[in-house]
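Close look at the chain arrangement
Spelled out from the first residue to the last, the chains are:
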Amino acid sequence: LASAAEAGRSRSPRDSTPPMFARPVGSERMAEDAIAGSEEGATVVALDGRAVGRRGAATRRRILDATASVLERGGLRDLRVADIARGAGCSPGTFYQYFRDVPSAVLVLAEEAGEGAEPLAALLDADWHGPAGLDAARSLVDGFLAYWDAHRAVLRTRNLAAQEGDARFRDVRNQSLRPLTEGIARMLVGSDGAPRREGVTPYAAAAALVAMLERMAAFHGDLEAYGLRRHEVVETTARILHATVTD
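1. Concerning helix α4 (residues 81–88)
Restricting attention to buried positions, one finds in α4 the residues V81, I84, A85 and A88. Buried residues of α4 fall within an arc of 95 degrees about the axis and therefore sit on the same side. What points out from α4, more than 90 degrees from its buried face, is the exposed set R86 and G87. Residues of α4 that are buried make contact with α3 (53–74), α5 (92–98) and α6 (102–114). Where α4 ends, the next residue or the one after it, G89, has phi of about 70 degrees, a positive value.

And the structure:
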């Protein structure tokens, strides 16, 4: 996540950073997996495998929060370990005890943010053919826009990294959207197991609808700048979604 110019600067061995989204290897990757999989209050390990306990977990949380804050203020290309460490009240060296590089910290934030979309999939369990169907579609769209607004900087960075070819961020994005995609796909399958609409493959249609949802959530602010109000964006998107799965 550093600029090309920054990548070329002279760095100390500890501050040496490989290509932008290089994957951690060996024991470093195992340590990051252990940290990412730990629950609050459980023992956490540093990249060298050392157990750090509750205080270490709290420090790691401050680093993640500071990363999110810097990302909100400056965006993708402005993320620097020194700024993150300053915001977390620690040294750059402490940052490297928990994360191999800045993208590794952003990846954890993306995983956390991705979990926020899962509850919305419950709205797809209802029968949308009844009178409450359109209301459920509105709630889904409105909730998805609110979810994106709450995590915009992290989700935007996740998607950009995925589009640039980073498989880690692509996998996190796909995992986050899978419950919505699979839920919509189920709605497009008839009781006999066949697609309800001729010529429409359920999963392909679901993927297209989720892509629309994500696009509208990411850019509804831009549309509002052209005179569209948020409730109009929600209503129009909800009606497209509802018509596709019920007609």
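The structure having been displayed, the exposition proceeds.
2. Some points on the side chain of S104
Relative to the elements of secondary structure, S104 occurs in helix α6. Within polar-contact distance, the side chain of S104 engages the side chain of D101 at 2.7 Å.

3. Looking at the pattern of salt bridges
Inspection of the entire model under this criterion finds 14 salt bridges. Notably, a salt bridge pairs R100 with D101, separated by 3.7 Å at the nearest N-O pair. Note on accessibility: R100 and D101 belong to one class, buried. For R138, the salt bridge is made with D135, and the minimal N-O distance between the two is 2.7 Å. Of this pair, R138 and D135 both sit in helix α7 (residues 133–150), three residues apart, which is roughly one turn of the helix. Its relative accessible area of 25% is what places R138 among the partly exposed residues.

4. A short note on the nonpolar core
One finds F95, W128, F144 and I184 to be the most contacted residues of the largest nonpolar core, which totals 65 residues. The element best represented in this core is α7, accounting for nine residues. Residues contacting I184, with those up to four places away along its chain left out, are L124, A206, L209, V210, L241 and V245.

5. As for the packing of aromatic side chains
Tallying each qualifying case throughout the model produces three aromatic pairs. A centroid spacing of 5.3 Å and a plane angle of 85 degrees characterise the contact between F95 and Y96, whose relative ring orientation is edge-to-face. Judged by its relative accessible area of 0%, F95 is buried. Seen in terms of ring centroids, F95 and F99 are 5.6 Å apart; in terms of plane orientation they differ by 40 degrees. Their pairing is tilted. F99 gets classed as buried once you look at its relative accessible area, which sits at 2%. Each member of the aromatic cluster is reached from another via a ring pair, and the members are F95, Y96 and F99.

6. Looking at the environment of I84
Here I84 shows up in helix α4. I84 sits 17 residues away from T67 along the chain, and the two C-alpha atoms are 5.4 Å apart. Residues within four places of I84 in sequence aside, it is in contact with I63, A66, T67, V70, L79, F95 and V102.

7. Brief notes about the environment of A238
Among the structural elements, A238 can be located in helix α11 (residues 230–246). Residue classification places A238 among the buried positions, given a relative accessible area of 0%. Measuring from C-alpha to C-alpha, the distance between A238 and L134 comes to 7.2 Å, with 104 residues separating the pair along the chain. If we skip the residues at most four places from it in the chain, A238 touches L134, A137, R138 and V141.

8. Concerning the packing of helix α8 (residues 152–163) against helix α10 (residues 202–224)
For the pair α8 and α10, interaxial distance at closest approach is 12 Å and the crossing angle is 125 degrees. When the interaxial angle is binned, α8 and α10 end up oblique. Handedness of the crossing formed by α8 with α10: left-handed. Residue-level inspection shows R152, R158 and N159 of α8 in contact with α10, the latter providing E214, A217, A218 and H220. Looking at the contact of α8 with α10 residue by residue, the classes come out as two nonpolar, two polar and three charged.

9. A short note on the side chain of H242
Within the secondary structure, H242 sits in helix α11. Using a relative accessible area of 17% as the deciding quantity, one classes H242 as buried. Engagement of the side chain of H242 in a polar contact is seen with the backbone oxygen of W128, the distance being 3.1 Å. In contact with H242, other than residues within four places in its own chain, are W128, G133, L134 and A137.

Definitions and cut-offs
- Residues numbered from 1 in each chain as written.
- Predicted model: local features only at pLDDT ≥ 70, side-chain atom pairs only at ≥ 80, totals over all residues.
- Heavy atoms only, no water.
- Buried < 20%, exposed > 50% of the residue type's maximum accessible area, 1.4 Å probe, protein only.
- Helix = DSSP H or I, 4+ residues; strand = E, 2+ residues; numbered from the N terminus.
- Arc of directions from axis to C-beta.
- Contact = heavy atoms within 4.5 Å.
- Polar contact = N/O pair within 3.5 Å; in protein donor to acceptor, adjacent residues only side chain to side chain.
- Salt bridge = Lys/Arg side-chain N within 4 Å of Asp/Glu carboxyl O.
- Core = buried A, V, L, I, M, F, W, Y, C linked by side-chain atoms within 4.5 Å.
- Phe/Tyr/Trp six-rings, centres within 6.5 Å; stacked < 30°, edge-to-face > 60°.
- Axes fitted to C-alpha atoms, helices over the stretch in contact; angles between N-to-C directions.
- Parallel < 35°, antiparallel > 145°, perpendicular 65-115°, else oblique.
- Left-handed = near helix turned anticlockwise from the far one by under 90°.
- Nonpolar A, V, L, I, M, F, W, Y, C, P; charged D, E, K, R; others polar.

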